[in-house]
Structures are given as C-alpha cells and as structure tokens.
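What follows is the residue order along each chain.
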Amino acid sequence: MPQPTQTTPPAPATASAPSADPDASTVDRLMQAAAHAFADKGFHATTTRDIASGAGLSPAGVYVHFGSKEELLFHLSRSGHESALRLLRAAIAAHTTPADQLAALMARFSEWHVEQYQVARVVQYEHHHLTPDHHAEVLALRKEMDSLVRDVLDRGLADGSFTVDDSADTGDTALALLSIVVDVARWYSPTIRRSPAEIGATNAALALRLVGAGR
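As the structure is a prediction and not an experimental result, all values here were calculated from the model. (Residues numbered from 1 in each chain as written. Predicted model: local features only at pLDDT ≥ 70, side-chain atom pairs only at ≥ 80, totals over all residues. Heavy atoms only, no water.)

Remarks on the packing of aromatic side chains
Turning to step 1, where the next piece is worked out: This structure, assessed with the given rule, holds three aromatic pairs.
Turning to step 2, where the next piece is worked out: Ring geometry for F38 and F43: centres 5.5 Å apart, planes at 45°, overall tilted.
Turning to step 3, where the next piece is worked out: For F43, a relative accessible area of 7% puts it in the buried group.
Turning to step 4, where the next piece is worked out: Geometrically, the ring pair formed by Y117 and Y188 is edge-to-face, given 5.5 Å between the ring centres and 70° between the ring planes. (Phe/Tyr/Trp six-rings, centres within 6.5 Å; stacked < 30°, edge-to-face > 60°. Buried < 20%, exposed > 50% of the residue type's maximum accessible area, 1.4 Å probe, protein only.)

Have a look at this one:
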C-alpha cells in the first residue's frame, strides 16, 4: 500500500490497551473489548475471559448479554458492516458526478478503516468464523457495498468519465478498489504518522487513476 507524507495520527484506541469506556453501556463496553481482543489475538485465540476483563466484568458477565463468543463476533461484524454501508451511501449521495462519488467513497471508507481500525480489522478479517446463518447475513451487507461501488463505476462508464479494462463487467474493478480500502485494516497502526484524511486522499487518487480519471 502507498505510504506518503507524515502528520500527527488520529486518536483511535491503541493496540496495547482495550478501548472499553467505563461510562458506556455494558453491551457497548463488551463490543469495544471484543473488538480490541479479536483484532489483537484473532477470534480463536480470544477467550470470553479476555473480553470480560477488557469490559471490566466477570467472565459470566459476557453471557448475560451474548450467548456465545461467536454471537458477540456476529453483532460486532454486523454493526461494523452496517456503519460502513451508511458511510458509503452518504459519501455517494453528497456528490453528483461519478468521479466525485468514487473519490468521496474511497476517501471516507479509507478514513473509517483508520479511525475504527480495530473494528475494521475484525469486520474484514474475522467474519469467516461466523456460523453459516450469521455469515450469510454479513455477506449480504458486503454484497450491498460491492453493488454501490459497481453502480458508481457503471455510471462513470456510461458518461465516459471512466475507462476500465473490464468494462463489460465492472466486478473486477470494484473488487480491486475495495481491496485497496480493506487492506488499510491490515497494515494500519497508530504508530503510522499519517492522518485519516491523508490516507483517504491517497486511496481516492489511486482509485481515480485506476479508472482513467486521475486528476
């Protein structure tokens, strides 16, 4: 991934300490603690004791609100995908031309992966641990995101502002664009001295060049 310029990073939760806020609701604290633990250790290596401890609860406290560790992962995955989907829709609705829409959705989605990097890491890389029914629900949200990007590409091809190699089927280009964003969750760390806006601007520029609309 490209890694230019240096500024002060944002202030998301660090990888060294859980982000659970003692003033948040118990469910929110559990979700925050789970995001930290899953992002840090992975789903299988994380125990309910890890999550409970991060939320300031006894191990039994997890089961008051969630029937299993998988159920907690599902709620975290679903809420993360729904948040990202709202963000993409808003970014597209705020602009009228396909080029501006593509730049906006790439920039804002990339920024979200920085600002919520622990949740994003779980959302993007741990969903395959879900049960088949839960995975299907999350997969439907992912397909909806893909459809939004494809629609923007199709409009850009139709009005001549975009040129892509797979013009008969924009699926490969949409996948490449979303992969650029998703990869942010893999490599980002608060030690990287780049702001969310800088990372978003870099990825937006990459996207426009990829579709022949570089500025």
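Regarding the packing of helix α1 (residues 26-41) against helix α6 (residues 117-125)
Turning to step 1, where the next piece is worked out: Closest axis-to-axis distance for the α1/α6 pair is 8 Å, and the angle between their directions is 65°. Of the two elements, α1 crosses α6, and the hand of that crossing is left-handed. Contacts between α1 and α6 involve A35, H36, F38 and A39 from the first element and Q118, V119, R121 and V122 from the second.
Turning to step 2, where the next piece is worked out: Residues of the contact of α1 with α6, tallied by class, amount to five nonpolar, two polar and one charged. (Axes fitted to C-alpha atoms, helices over the stretch in contact; angles between N-to-C directions. Helix = DSSP H or I, 4+ residues; strand = E, 2+ residues; numbered from the N terminus. Left-handed = near helix turned anticlockwise from the far one by under 90°. Contact = heavy atoms within 4.5 Å. Nonpolar A, V, L, I, M, F, W, Y, C, P; charged D, E, K, R; others polar.)

Observations regarding the pattern of salt bridges
Turning to step 1, where the next piece is worked out: Within this structure, the stated rule accounts for seven salt bridges.
Turning to step 2, where the next piece is worked out: Between R186 and D183 there is a salt bridge, and its shortest N-O distance comes to 2.6 Å.
Turning to step 3, where the next piece is worked out: In this structure D183 comes out as buried when scored by relative accessible area, which is 16%.
Turning to step 4, where the next piece is worked out: The network of salt bridges with shared partners includes R108, E111 and E115. (Salt bridge = Lys/Arg side-chain N within 4 Å of Asp/Glu carboxyl O.)

Digging into the environment of F43
Turning to step 1, where the next piece is worked out: Considering the arrangement of structural elements, one finds F43 in the loop between α1 and α2 (48-54).
Turning to step 2, where the next piece is worked out: Between the C-alpha atom of F43 and that of K69, which follows or precedes it by 26 residues, the distance is 8.5 Å.

So, α6
In an α-helix, one turn spans 3.6 residues, which is why side chains three or four residues apart end up on the same side.
Turning to step 1, where the next piece is worked out: Judged by how many residues are buried, α6 sits mostly within the fold: seven of nine residues are covered.
Turning to step 2, where the next piece is worked out: Taken together, the buried positions of α6 are occupied by Y117, Q118, V119, A120, V122, V123 and Q124.
Turning to step 3, where the next piece is worked out: Where α6 is buried, its residues contact α1, α4 (69-93), α5 (98-115), α7 (132-158), α8 (171-182) and α9 (184-187).

Notes on the side chain of K69
Turning to step 1, where the next piece is worked out: Note on placement: K69 falls in helix α4.
Turning to step 2, where the next piece is worked out: No salt bridge is formed by the buried K69, whose closest oppositely charged neighbour, D50, lies at an N-O distance of 7.7 Å.
Turning to step 3, where the next piece is worked out: Filtering out sequence-adjacent residues up to four positions away, K69 remains in contact with F38, F43, H44, T46, T48 and I51. (Lys, Arg positive; Asp, Glu negative; His and termini not counted.)

Remember that the coordinates give geometry; whether it matters functionally is a separate question.
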